[in-house]
Amino acid sequence: MATRKKKWIKGAIKRPGAFKAKAKSAGMSTSAFATKVLKKGSRYSTRTKRQASLARTLGKMRKKKR
């Protein structure tokens, strides 16, 4: 059952490294770029907004394990 819970992450990441590359080209960290993308009124694509939401979720999970 423990392996089943972790597999949703693998299925959710469709383009590995794509959001990090977008953040790097914007000159920002991944979390800072995610905050910028998810701000109300931002004009990023739906795909980018979903990537930002997933990045924020995975970042929260990582902090809990530390």
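Being a predicted model, the structure only gives us computed values, none of them experimental.

Cut-off values and rules
Residues numbered from 1 in each chain as written. Predicted model: local features only at pLDDT ≥ 70, side-chain atom pairs only at ≥ 80, totals over all residues. Heavy atoms only, no water. Helix = DSSP H or I, 4+ residues; strand = E, 2+ residues; numbered from the N terminus. Buried < 20%, exposed > 50% of the residue type's maximum accessible area, 1.4 Å probe, protein only. Contact = heavy atoms within 4.5 Å. Axes fitted to C-alpha atoms, helices over the stretch in contact; angles between N-to-C directions. Parallel < 35°, antiparallel > 145°, perpendicular 65-115°, else oblique. Nonpolar A, V, L, I, M, F, W, Y, C, P; charged D, E, K, R; others polar. Phe/Tyr/Trp six-rings, centres within 6.5 Å; stacked < 30°, edge-to-face > 60°. Polar contact = N/O pair within 3.5 Å; in protein donor to acceptor, adjacent residues only side chain to side chain.

Draft legend 1. Representation of the overall build of the chain in the model. What the chain contains, in helices and strands, is four helices and zero strands. Beginning at the N terminus, the succession of helices and strands in the chain can be written as α-α-α-α. Across the 66 residues in the chain, those meeting the buried criterion constitute 15%. Considering only contacts in the chain between residues 6 or more positions apart, those separated by 24 or more positions represent 42%.

Draft legend 2. Just the environment of Ala 34, in detail. As for its position among the elements, Ala 34 is in helix α3 (residues 30-38). The class of Ala 34 is buried, set by a relative accessible area of 2%.

Draft legend 3. Region of the structure containing the packing of helix α2 (residues 18-25) against α3. Their axes nearest at 9 Å, the elements α2 and α3 cross at an angle of 90°. In terms of axis orientation, α2 runs roughly perpendicular to α3. Contacts between α2 and α3 involve Phe 19, Lys 20, Lys 22 and Ala 23 on the former and, on the latter, Thr 30, Phe 33, Ala 34 and Val 37. Grouping the constituent residues of the contact of α2 with α3 by class yields five nonpolar, one polar and two charged.

Draft legend 4. Focus on the packing of aromatic side chains. Within this structure, the stated rule accounts for two aromatic pairs. A ring pair is formed by Phe 33 and Tyr 44, whose centres lie 5.6 Å apart and whose planes are at 80°; its orientation type is edge-to-face. One end of the pair, Phe 33, is in helix α3; the other, Tyr 44, is in the loop between α3 and α4 (46-65), and eleven residues separate them in sequence. Here the aromatic residues Phe 19, Phe 33 and Tyr 44 are joined through ring pairs into a cluster of three or more.

Draft legend 5. Main features of the environment of Thr 48. Inspection of the secondary structure assignment puts Thr 48 in helix α4. Sequence-wise, Thr 48 and Phe 19 are 29 residues apart; in three dimensions their C-alpha atoms are separated by 7.3 Å. A distance of 2.9 Å separates polar atoms of two side chains, one belonging to Thr 48 and the other to Lys 22. Within the local environment of Thr 48, its side chain forms a polar contact with the side chain of Ser 45, the two groups lying 3.0 Å apart.

Worth remembering: the numbers are spatial, not functional.
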